Amino acid sequence: MMTIIKKPIVSIQEPKRDDEDKFLTAMQNSRALHYPWVTAPQTSEEFKNYLQRYRQDNQKSFLVCDQAGDIVGVFNLNEIVRGVFQSAYLGFYGVAEYTGKGYMQAGLALVLKKVFFEMNLHRVEANIQPENYRSIHLVKNSGFQKEGYSKYYLKINGEWRDHERWAITVENFIPQS
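The notes below deal with the structure included here. What you are looking at is a predicted structure, and each value in this text was computed from that prediction instead of being measured.

Conventions used here
Residues numbered from 1 in each chain as written. Predicted model: local features only at pLDDT ≥ 70, side-chain atom pairs only at ≥ 80, totals over all residues. Heavy atoms only, no water. Buried < 20%, exposed > 50% of the residue type's maximum accessible area, 1.4 Å probe, protein only. Helix = DSSP H or I, 4+ residues; strand = E, 2+ residues; numbered from the N terminus. Arc of directions from axis to C-beta. Contact = heavy atoms within 4.5 Å. 1 Å grid on protein atoms, 1.4 Å probe; cavity = no way out; pocket = protein on both sides within 12 Å on 5 of 7 lines; lining within 4 Å. Points joined across faces, edges and corners; volume = space filled by probe spheres on them. Nonpolar A, V, L, I, M, F, W, Y, C, P; charged D, E, K, R; others polar.

### Looking at helix α1 (residues 20-28)
- Buried within α1 are the following residues: Glu20, Phe23, Leu24, Ala26 and Met27. Buried residues of α1, viewed axially, fall in a sector of 165°; they line one side.
- Elements in contact with the buried residues of α1: α2 (31-34), α3 (44-53), β2 (60-65), β3 (71-81) and β4 (87-94).

As structure tokens, then:
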């Protein structure tokens, strides 16, 4: 007997002011999931700063939403560089209630499709702490290749932490149907 696994149906959208209550509730309920990897906005002021940051030309953020419109995750493109580089850094975090159910995998496929075919970027790099197995699994299963290791790369929760460098280029991206 063959088991058929249904992929979750998700959409992505840029965050807007009206998302504040849903966003903050989801992030506050996911603090334990995020620690010590990332600190997501937790207050109204932090959410306003988040919106302001991702309105800049070299930044972009996408909320991953399920069919009911609930936020299930976030993908951020940071330091988008144009010209001959056409690249960005990818950061992301999920919502605890939806962990392990394929929502972030489905969301990342949509983000990469947008990044490569609408924004016309050539490369996306994700820097992940080596102990963050879930995030490494996510990018690896999405076609990212490990490129290296950076000692004391980012200051997270007041501590300089090592990171693995994972990247994908448009040539290696296989769009999901």
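### Some points on unusual backbone geometry
- Cis geometry is found at the peptide bond from tyrosine 35 to proline 36, where omega equals 5°.
- The residue proline 36 is located in the loop between α2 and α3 in this model.
- In this structure, tyrosine 152 takes a positive phi of about 50° despite not being glycine.

### Side note on the layout of surface pockets
- Of the pockets and cavities examined, the largest pocket occupies roughly 1,200 Å³.
- Looking at the largest pocket, it is lined by 45 residues, and the ones nearest its centre are Val38, Gly91, Phe92, Tyr93 and Ser135.
- Of all elements in the fold, only α2, α3, β3, β4, α4 (103-117), β5 (123-128), α5 (133-141) and β6 (145-156) reach the threshold of two or more residues within the lining of the largest pocket.
- Counting residues per element, the lining of the largest pocket draws most heavily on β4, which supplies six residues.
- Residue composition of the lining of the largest pocket, grouped by class: 22 nonpolar, 16 polar and seven charged.
- Lys7, Gln105, Ala106, Ala109 and Gln176 are, among the 23 residues lining the second largest pocket, the residues nearest its centre.
- Top element by residues in the lining of the second largest pocket is α4. It accounts for seven residues.
- In terms of residue class, the lining of the second largest pocket is made up of 11 nonpolar, eight polar and four charged.

Taken by themselves, the reported measurements are silent on function.
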